[in-house]
Amino acid sequence: MAETSTTPVPARLSMRMRPPWPFIDDVRRFVETLGACTCGGEDRDAQVAMAVHELMQNALAHAAGDDVELDLEIDPGRDRIEITVTNPCSDEAYEQLGARVERMNREPDALAWYLRCMEELPGRSRGGLGLARLRFEAQLEVTLRRGRTGRVAVCAAGKVRAPPLEVGGFNG
Amino acid sequence: MGDSVEGRGSTLRVAGEKFSAEVLSGLRGEPRVEFRGTISSSNPAEVLNPFVEAVHAQLVARRASEISVDFLDLEFCNSSGFKSFVFWLEQIRRLPEAQRYRLRFISSAGRRWQRVSLLALTSFGGENVTIETLSTSRPACPVRPWPAGGAQS
């Protein structure tokens, strides 16, 4: 009788879309399903799906109708989740985004940064909360790198087995 | 686009591309706003903020102490949509303390993004936010359009 391996198998997903906006909900749902098969219990699959949605939404704002690429790896064996979303980006937009990510990462408390964004971003302004949201809610660290000519890769990475969040007596 | 805010009689409702919200009245006349669908467009605040302002004005005029914000049928809300709830809390904060009311979020245990997202909103809103998580779907109680007559308390 053949033995059944219990070694967790990494899940990988790569997509290139143009334009992906009409499908962003379907991609999020698919990622949640993929995560449910690989992340185990808790709410990690929903958090990863939310993070993918936010990164893709940011990418769309700068893609100008060009390709947006998504690469996702969930590796329970290494206890590692990596999401990379790549899109066209001008030098000016790259510098602005880089400065925002640097400011965010200088604040070690992800919730404090998220709350500061809520306080400082005018309620009527567009966007601005997505990276802070995924950093706190999905417990992923955000980095940038310049990709192929004129493109930016935004990476969000963290643990598969992230601890439950607790805030002021509530827990998530 | 089809996005709109409308007052149907004295009832407030909003409809976006993939979501809707309507203010209803519970069994005891308490106000309740039900969100349905998916808030995932690029700028939902364009249509949500005017709705929030209209609901806020009615709640203040009727001296409400609380409104239930029902997320049971809200599949997802992106960060741009969440800004409208931050905007709502800003409106409440601007009121004199005696006029402030609470947002009582009713979340679904089955929609697991809601738990953590609402934690952050609780931190932002402080005593103006409470959360109730239901393990089942929408409770079977009749609702009517709100306001249903008489000041809310």
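Residues numbered from 1 in each chain as written. Chains lettered and ligands numbered in written order. Predicted model: local features only at pLDDT ≥ 70, side-chain atom pairs only at ≥ 80, totals over all residues.

Asks: Hey, could you run me through the overall build of chain B in this one?
Replies: The secondary structure content of chain B amounts to three helices and eight strands. For chain B, the α and β elements follow one another from N to C terminus as β-β-β-β-α-β-α-β-α-β-β. Burial statistics for chain B: of 153 residues in total, 45% are counted as buried. Taking as baseline every contact in chain B between residues at least 6 positions apart, the subset at least 24 positions apart corresponds to 73%. (Helix = DSSP H or I, 4+ residues; strand = E, 2+ residues; numbered from the N terminus. Buried ≥ 20, exposed ≤ 12 C-beta atoms within 10 Å, placed from the backbone. Contact = placed C-beta atoms within 7 Å.)

Asks: Can you walk me through the interface of chain B and chain A in this structure?
Replies: Interfaces are frequently sized by the accessible area removed from exposure as the parts join. Chain B puts 25 residues into the contact, and the matching count from chain A is 29 residues. Of all the secondary-structure elements, those providing two or more residues to the side of chain B that touches chain A are α1 (45–61), α2 (79–93) and α3 (113–125) of chain B. No other element matches the nine residues that α3 of chain B contributes to the side of chain B that touches chain A. The class makeup of the residues in the side of chain B that touches chain A is ten nonpolar, eleven polar and four charged. (Nonpolar A, V, L, I, M, F, W, Y, C, P; charged D, E, K, R; others polar.)

Asks: What is the right way to look at the confidence of the model for chain B in this model?
Replies: When pLDDT is low, close inspection of the predicted coordinates is not appropriate. Per-residue pLDDT for chain B has a mean of 85; in total, 82% of the residues score no lower than 70. Under the prediction, the complex receives an ipTM of 0.89, its pTM being 0.87. (pLDDT = per-residue confidence, 0-100.)

Asks: Would you take a moment to explain the pairing of strand β2 (residues 68–75) of chain A for this structure?
Replies: Two faces make up the sheet, and in a regular strand the side chains alternate between them. Residues and elements named next belong to chain A. With seven bridges connecting them, strand β1 (residues 11–17) and β2 associate as antiparallel partners. Bridge assignment links serine 14 to a residue of β2, and that residue is aspartate 71. When β2 meets strand β3 (residues 80–88), the two strands line up antiparallel, connected through seven bridges. Its bridge partner lying in β3, isoleucine 74 is registered against isoleucine 81. Here β2 folds back onto β3, and the loop between the two strands holds four residues, one of which, aspartate 79, carries a positive phi near 55 degrees. (Pairing = 2+ DSSP bridges.)

Asks: Please clarify how the nonpolar core should be interpreted in this entry.
Replies: Within soluble globular proteins, side chains that are nonpolar tend to cluster in buried spots. Ranked by size, the top nonpolar core spans 78 residues in total, and within it Val48, Ala51, Val52 and Leu55 of chain A carry the most contacts. The greatest single-element share of this core, amounting to ten residues, is contributed by helix α2 (residues 44–63) of chain A. (Core = buried A, V, L, I, M, F, W, Y, C linked by C-beta atoms within 7 Å.)

Asks: What's the story with the packing of helix α1 (residues 24–38) of chain A against α2 of chain A in this structure? I'm lost.
Replies: Working note: a packed helix pair is described by the angle between its axes plus the distance between those axes. Residue and element names in this part refer to chain A. Here α1 crosses α2 at 150 degrees, and the two axes come no closer than 8 Å. Accordingly, the angle class assigned to the pair α1 and α2 is roughly antiparallel. Read as a crossing pair, α1 and α2 show a hand that is right-handed. Two secondary-structure elements touch here, α1 through Ile24, Val27, Arg28, Val31, Glu32, Gly35 and Ala36 and α2 through Arg44, Asp45, Ala46, Val48, Ala49, Val52, His53, Met56 and Gln57. Its residues assigned to classes, the contact of α1 with α2 shows nine nonpolar, three polar and four charged. (Axes fitted to C-alpha atoms, helices over the stretch in contact; angles between N-to-C directions. Parallel < 35°, antiparallel > 145°, perpendicular 65-115°, else oblique. Left-handed = near helix turned anticlockwise from the far one by under 90°.)

Asks: Help me understand unusual backbone geometry in this model?
Replies: Most peptide bonds take the trans form, and the phi angle of most residues other than glycine is negative. The backbone of glutamine 139 of chain A shows a phi angle near 55 degrees, a positive value even though the residue is not glycine. Mapped onto the elements of the fold, glutamine 139 of chain A is located in the loop between α5 (130–137) and β4 (141–146). In this structure glutamine 139 of chain A comes out as buried when scored by C-beta crowding, with 20 C-beta atoms within 10 Å. The phi dihedral of arginine 63 of chain B falls on the positive side, at around 55 degrees, and the residue is not glycine.

Asks: What should I look at first to understand the packing of helix α4 (residues 110–120) of chain A against α5 of chain A in this one?
Replies: All names here are of chain A. Between α4 and α5, the least distance of the axes is 9 Å, while the angle of their chain directions is 155 degrees. What the angle tells us is that α4 and α5 run roughly antiparallel. Between α4 and α5 lies a crossing whose hand is left-handed. For the pair formed by α4 and α5, the contact residues are Ala110, Leu111, Trp113, Tyr114 and Cys117 on the first element and Ala132, Arg133, Arg135 and Phe136 on the second. Considering only residue class, the contact of α4 with α5 consists of seven nonpolar, no polar and two charged.

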